[in-house]
Amino acid sequence: MSIWLLQMFETQIHHFEIRRAKKPKNSADDLDIFVECEVHSADVSILITSLKRVAEDVKTSREEKVPWFPRKIQDLDKCHHLITKYNPSLDNGHPGFADLEYKKRRAFFADLAFNYRAGDPLPHIEYTAQETATWREVYRKLSSLYPTHACTQYLDAFQQLEKYCGYQEDNIPQLQDVSRFLKERTGFQLRPAAGLLSARDFLASLAFRVFQSTQYIRHFSSPMHSPEPDCCHELLGHVPMLADKEFAQFSQDIGLASLGSSEAEIEKLATLYWFTVEFGLCKQNGSIKAYGAGLLSSYGELMYALSNKPEYKPFDPEVTAVHPYQDQAFQPVYFVAENLEDAKAKLQNYMMKIKKPFSLHYDPLTSSIEVMNTPQKVKRALCQMKEELENLCLALENLP
């Protein structure tokens, strides 16, 4: 009878189990029936009432529907949904809208990204003379500002990238070389992206220490501004900061917080990302420096952000997460962190308040996410942490 009721309400059954009752009420033949199922929220109360008419005792545990999220690094192959807002084929305000050759080249890059699968070698690009000339102009102008405008973490990494990854004005670095460099330093790696991704897909990748990077370059007619991310933005803006361990953890924390979050929370996290990872400023040695990729890849906005024109506010995730932002003009307001460590601590405190019906654990050994929904899983994670702490204590004891 109970099966018939479940079918009548078009219930999607995920698990069905029958056992002998632990505490029989009427006879030794009493049964306990466990059902894990999915039913429309409007039908829940009627279904429960109906079940109570045919069963001795009905107990329920309600779980809200959680948006899909990747559990292992291979699942990122599904995280490629694009925002077409600034696509050169659709946006007539894009500098490359009327350039058929540019659009054809962009289609080539998009195909590479869409056909890429986790574990594949990163595509090697033979950049054209015109593309390299655009890179050269951007590289020269920005690198002249970095010593006075960029934070020390950025400057240290940029120097290493010039030494080991072919960062120079006449060469656009290859993602494979850059990804190898990041993997050795912070565990981050790159994968190709076709364009501007949805916030949910992009943030989910960060949870696995994967940064989705475009390989195309902005249109040659507008070297100092791009309405969308391009390889100048990724390689000059994001990559140097991802080589810093503190900042890499900050980025992964935002990604982990996004997994399974509601649309409202995703919007807040994306706004936090915007005002920190993209347009963040921090204090260093009595001055304000840039660590945001949107600033460090934009000559005009980098100069503007560190002038006396914009308004500065202290970084407070609760305030920052709901602050309106500009995506087609310079920001009227920038949020300033005391330092990156302080920004990370404040972000972690903010994330503790995000309500989810589960807890997650990232396993760096398998690059996978585990839902901590049983005591055994929690115990196993604690045992791993205990072993790590014992090793660290032993290391301290062995220090002279």
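Before any of the text, the structure's been laid out above.
First, a word on what this report is: a plain description of the structure on this page. These numbers come from a predicted model, not from an experiment.

**Quick notes on a nonpolar patch on the surface**
Inference 1: A cluster of nonpolar side chains, Ile13, Phe16, Ile18, Leu31, Ile33 and Val35, forms an exposed patch at the surface whose accessible area comes to about 490 Å².
Inference 2: Secondary-structure elements contributing two or more residues to the nonpolar patch are β1 (12-20) and β2 (31-38).
Inference 3: As for its placement among the helices and strands, Ile33 is situated in strand β2.
Inference 4: A residue is classified by how much of its surface remains accessible, and Ile33, at 43% relative accessible area, is partly exposed.

**Describing the pairing of strand β6 (residues 287-290)**
Inference 1: Taken together, the four bridges between strand β5 (residues 281-284) and β6 define a ladder with antiparallel strand orientation. Along β6, the bridge assignment pairs Gln284 with Ser287.
Inference 2: Connecting β5 to the antiparallel partner β6 that follows it, the hairpin turn spans two residues, and Asn285 within it adopts a positive phi of roughly 50°.

**Some thoughts on the packing of helix α7 (residues 199-206) against helix α10 (residues 263-278)**
To describe two helices that pack against each other, one gives the angle between their axes and the distance between the axes.
Inference 1: One can describe the packing of α7 onto α10 by two numbers: an axis separation of 10 Å at closest approach and a directional angle of 70°. Between α7 and α10, the angle is such that the two are roughly perpendicular. The handedness of the crossing between α7 and α10 comes out as left-handed. Contacts from Ala199, Arg200, Phe202, Leu203 and Leu206 in α7 reach Glu263, Ile266, Leu269, Ala270 and Tyr273 in α10.
Inference 2: Grouping the constituent residues of the contact of α7 with α10 by class yields eight nonpolar, no polar and two charged.

**Section: helix α15 (residues 375-398)**
Inference 1: Here α15 spans 35 Å end to end across 24 residues, near enough to the 34 Å set by a 1.5 Å rise per residue.
Inference 2: The buried fraction of α15 amounts to one of the 24 residues, a small share that puts the element mostly on the outside.

**A closer look at the nonpolar core**
Inference 1: Counting 77 residues, the largest nonpolar core has Tyr146, Tyr154, Tyr167, Leu182, Leu235 and Leu236 as its most contacted members.
Inference 2: Considering every element that reaches this core, the biggest residue donor is helix α8 (residues 231-242), with seven residues.
Inference 3: Residues contacting Tyr146, with those up to four places away along its chain left out, are Tyr154, Leu155, Phe158, Leu236, Leu296 and Leu302.
Inference 4: Among the nonpolar cores identified, the runner-up in size contains 13 residues, and Ile73, Phe358, Tyr362 and Ile369 belong to it.

**A word on the sheet that holds β5**
Think of a sheet as strands paired side by side through backbone hydrogen bonds, with each pair either parallel or antiparallel.
Inference 1: The sheet built from four strands is open, its strands ordered β6-β5-β8-β7 with mixed pairing. Either end of the sheet is taken by a strand with one partner, and the two such strands are β6 and β7 (311-314). Across the sheet, the axes of successive neighbouring strands diverge by a mean angle of 40°, strand direction being ignored.
Inference 2: Pairing of β7 with strand β8 (residues 333-337) involves four bridges; the strand directions are parallel.

Reading guide: rules and limits
Residues numbered from 1 in each chain as written. Predicted model: local features only at pLDDT ≥ 70, side-chain atom pairs only at ≥ 80, totals over all residues. Heavy atoms only, no water. Patch = residues over 30% accessible without salt bridge, like charges linked within 9 Å, V, L, I, M, F, W, Y side chains within 5 Å. Areas by Shrake-Rupley, 256 points an atom, 1.4 Å probe, with all protein chains shown as cover. Salt bridge = Lys/Arg side-chain N within 4 Å of Asp/Glu carboxyl O. Helix = DSSP H or I, 4+ residues; strand = E, 2+ residues; numbered from the N terminus. Buried < 20%, exposed > 50% of the residue type's maximum accessible area, 1.4 Å probe, protein only. Pairing = 2+ DSSP bridges. Axes fitted to C-alpha atoms, helices over the stretch in contact; angles between N-to-C directions. Parallel < 35°, antiparallel > 145°, perpendicular 65-115°, else oblique. Left-handed = near helix turned anticlockwise from the far one by under 90°. Contact = heavy atoms within 4.5 Å. Nonpolar A, V, L, I, M, F, W, Y, C, P; charged D, E, K, R; others polar. Expected span 1.5 Å × (residues − 1). Core = buried A, V, L, I, M, F, W, Y, C linked by side-chain atoms within 4.5 Å.

This is a description of form; function is not addressed.
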